[in-house]
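Take a look at the letters that make up each chain.
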Protein chains: 2
Amino acid sequence: MTTAAHRPATLEDVARVAGVSRSTASRVVAGTGFASPAARRQVTAAVDQLGYVPNPAARALVRGGGVRLAVAVLGTSAAVLDDPYVHQVVGAAARVCTPAGVGVALYWLPFGDPRSLDQLDGDRSVCGVILVNTTEELLEAVPRSLHGRVVSIGVGSAAVPSFDVDNAAGSEAVLRHLYATGRRRIAMVTGPRWLPCAQRPVRTYRRLMAEAGLPERILPGDFRAARGRTAAGEALRRWPDIDAIYAISDDTALGVIAGLRDAGARVPSDVAVAGFDDIPLAGMTAPALTTASHPVGRIAAAAATALLDGRPAAPVTLFPSALVARASA
Amino acid sequence: MTTAAHRPATLEDVARVAGVSRSTASRVVAGTGFASPAARRQVTAAVDQLGYVPNPAARALVRGGGVRLAVAVLGTSAAVLDDPYVHQVVGAAARVCTPAGVGVALYWLPFGDPRSLDQLDGDRSVCGVILVNTTEELLEAVPRSLHGRVVSIGVGSAAVPSFDVDNAAGSEAVLRHLYATGRRRIAMVTGPRWLPCAQRPVRTYRRLMAEAGLPERILPGDFRAARGRTAAGEALRRWPDIDAIYAISDDTALGVIAGLRDAGARVPSDVAVAGFDDIPLAGMTAPALTTASHPVGRIAAAAATALLDGRPAAPVTLFPSALVARASA
DNA sequence: GTGAAAGCGCTAACAT
DNA sequence: ATGTTAGCGCTTTCAC
């Protein structure tokens, strides 16, 4: 029964209707403390008669908890906040925070300004922080008082638990696939140099090339498609015998394919191309993209959940990345 | 100076350090009411000495405002909350809400259960609601007490202001482009039948086909790539003379291109394909996708801003959609 | 088991 | 122009 009350009900209203004190109503609603079966029944009835929903703000105020979970993204400009990857993190976090009465906030952390974290630190409404695109410098600048309520999607530290994809293993699977299918002149388009978590695939690449006695061919990238397109041309020019390009992001890989096509090279017959992420469109392109999976949503949900739960998380939680072999390699 | 205070500072602390009363400090910090230049200076100094950040929860509590902005998405299952489009809306909303101390929440509104809105209605922590994927039924179920703090991305009503892309104009531009480039057997892959805002392009299509004396060829879609792929086969089978397919989403259009390729049809020589949205990858595919722009982020930001501002919005705010002609049509 | 009372951090009358 | 006072809605000792 929705008594279209013009003013949302308060706990006081519930208590009055149930004929008990506010304290008792609170105990029943919050599910904490004692209450007789009778009282419990009365209160429950009042609650859904009134359509009562607890006010998380009031609750947070008295308990000293926060009401917002901050997603804080390091980047050179505020434009990072428009990134689809960031949006996915925010969306997944919002989904798990909502039942807890917690909202999601989105902050830009200017590159090279570690003080930007102090603001979050001093904000009592922030119950937790998910750092995205962490660097050593940033991790060191995490204020002590944030310890215990900050996690990282990317590299972590002793004080900041990390939730990340196992991109070393994913990269290894992709590179071994390339090798197994006969490729011997393999180039790699990396992520931004300043991003530590993007260096793991690079190290894996170096190790594997060294082990196989193959040449190292590295091109700097930025996760974006446009860069992939130009990188393809560069690769062809510098290494005419190239037979495979591994890009650390699907967007970049798609750009690489476009760039190869621009130059008249065939994929995969002349040059095989592989990406990383397994975006939804990866199976639709021509040729369909070979890549490694990246469960961004699950990672973000896990990070947010850890923060909401408040108990200490493992220093590092790695999510598996599996090869998805399609037509491009 | 960051006095790494272990406990975040309160207004009380600021007042004490500044040597004024809490009220004065409040006035200065909130920028409301009078304050002498001297007091203003003292308080400002205290604020950044202490690294003080106002607590939005406490502020919301006393002012009766909310601390969360809800993005509520209508759908048949909770899986809609994983949609990249929804994530983009959430991300853009979060970006504008954060400076206001407001967090974003994400709700699923089960299809055919109008009561699901009552929960939001009774939640005092919710300062506004952005409805996504609205139907007439849902709009009618919006509780009176939500009026003035609810908007729609999609169709609206007398009580619910709408913020949407002008997909009728965008579709018209695309269809005229198809016609101008010689296409005469044009099929359309629509959005979900139950989604009112997706019917506008359909009406535009019908009108233009009728005006040009061309046959109407409509295939139901769902905005997704997989459906586009199967739709392409259907189109070829039912209408062998087809020379163009317009899909109301880029994902679907990319699926259509894949399906056409599966069937051995060439794009654009045999069949031209156009989409809608202008996703970042649209320029990278082979062939590059002709489409119409869709400023989702700007729309969501405008919707959120209207809610935060609290002043009545225009009944309908339409965002322009422009033709982006590339290679596929 | 239940109620009375205090108070989380802040703003907004209301005095002064 | 500034301080005093009274709460916003809720949880939580502490008596009963």
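Note that the coordinates shown come from a computational prediction; the quantities given were computed from them, not determined experimentally.

What counts as what
- Residues numbered from 1 in each chain as written.
- Chains lettered and ligands numbered in written order.
- Predicted model: local features only at pLDDT ≥ 70, side-chain atom pairs only at ≥ 80, totals over all residues.
- Heavy atoms only, no water.
- Near = heavy atom within 4 Å.
- Polar contact = N/O pair within 3.5 Å; in protein donor to acceptor, adjacent residues only side chain to side chain.
- Helix = DSSP H or I, 4+ residues; strand = E, 2+ residues; numbered from the N terminus.
- UniProt positions renumbered as here; feature names shortened; annotations may be inferred.
- Pairing = 2+ DSSP bridges.
- Axes fitted to C-alpha atoms, helices over the stretch in contact; angles between N-to-C directions.
- Contact = heavy atoms within 4.5 Å.
- Buried area = accessible area lost by both parts, 1.4 Å probe.
- Salt bridge = Lys/Arg side-chain N within 4 Å of Asp/Glu carboxyl O.

1. Quick word on the protein's contact with DNA strand D
Logical step 1: Among the 26 residues in the neighbourhood of DNA strand D, the closest are listed as Leu11(A), Tyr52(A), Ser23(B), Ser36(B) and Arg124(B).
Logical step 2: Counting only the atoms of DNA strand D within 4 Å of the protein, the fraction contributed by sugar and phosphate is 57%.
Logical step 3: Within the side chain of Ser26(A), one N or O atom sits 2.9 Å away from a phosphate oxygen of DNA strand D.
Logical step 4: Between a phosphate oxygen of DNA strand D and a side-chain N or O atom of Tyr52(A), the distance comes to 2.4 Å.

2. Thoughts on the protein's contact with DNA strand C
Logical step 1: Near DNA strand C there are 26 residues, and of these Arg27(A), Ser36(A), Arg124(A), Leu11(B) and Tyr52(B) occur at the shortest range.
Logical step 2: One of the backbone N or O atoms of Val62(A) is found 3.2 Å from a base oxygen in DNA strand C.
Logical step 3: Here Leu11(B) contributes a backbone N or O atom positioned 2.3 Å from a phosphate oxygen of DNA strand C.
Logical step 4: The set of elements that each furnish at least two residues to the surface near DNA strand C consists of α2 (22-30) and α4 (56-63) of chain A together with α2 (22-30) and α4 (56-63) of chain B.

3. Quick notes on the UniProt feature "domain: HTH lacI-type" (unreviewed entry) in chain A
Logical step 1: Those places that UniProt annotates as "domain: HTH lacI-type" (unreviewed entry) correspond, in this numbering, to residues 9-63 of chain A.
Logical step 2: Between the C-alpha atoms that bound residues 9-63 of chain A the distance is 21 Å, and the span itself is 71% helix and 0% strand.

4. Here we look at the sheet that holds strand β7 (residues 217-219) of chain B
Residue and element names in this part refer to chain B.
Logical step 1: Strands sit in the order β7-β6-β8-β9 across an open sheet of four strands; the sheet is parallel. The sheet terminates laterally at β7 and β9 (272-274), the two strands that pair on one side only. Neighbour-to-neighbour, the strand axes of the sheet open up by a mean angle of 20°, direction not taken into account.
Logical step 2: As defined by bridge partners, strand β6 (residues 186-189) adjoins β7 across three bridges and the pair is classed as parallel. Looking at the pairing, Met188 lines up with Ile218 of β7.
Logical step 3: Packing against the sheet, helix α8 (residues 167-180) makes contact with β6, β8 (244-247) and β9, and its axis sits at approximately 170° to β8.
Logical step 4: Running over the sheet, helix α9 (residues 199-212) touches β6 and β7 and is turned about 170° from β6.

5. What about the sheet that holds strand β8 (residues 244-247) of chain A?
Strand pairs in the sheet, formed through backbone hydrogen bonds, run parallel or antiparallel to each other.
All names here are of chain A.
Logical step 1: Pairing is parallel in the open sheet, where four strands are placed in the order β7-β6-β8-β9. Both edges of this open sheet fall to β7 (217-219) and β9 (272-274), since each of them pairs with a single strand only. Strand after strand, the sheet turns through a mean of 20° between neighbouring axes, direction not considered.
Logical step 2: Here helix α9 (residues 199-212) sits on the sheet in contact with β6 (186-189) and β7, set at roughly 170° to β6.
Logical step 3: Sitting on the sheet, helix α11 (residues 250-262) touches β6, β8 and β9, and the angle it makes with β9 is about 160°.

6. Re the interface of chain B and chain A
Logical step 1: In this complex, chain B contributes 58 residues to the contact, which on the side of chain A involves 58 residues.
Logical step 2: Between chain B and chain A, a total of about 4700 Å² is buried, with carbon and sulfur atoms accounting for 61% of that surface.
Logical step 3: On the chain B side of the contact with chain A, Arg95(B), Arg124(B) and Met284(B) bury the most area, a combined 16% of that side's loss.
Logical step 4: One can count two salt bridges joining chain B with chain A.
Logical step 5: Put simply, chain B and chain A have nine residue pairs in polar contact (both at pLDDT 80 or more) between them.

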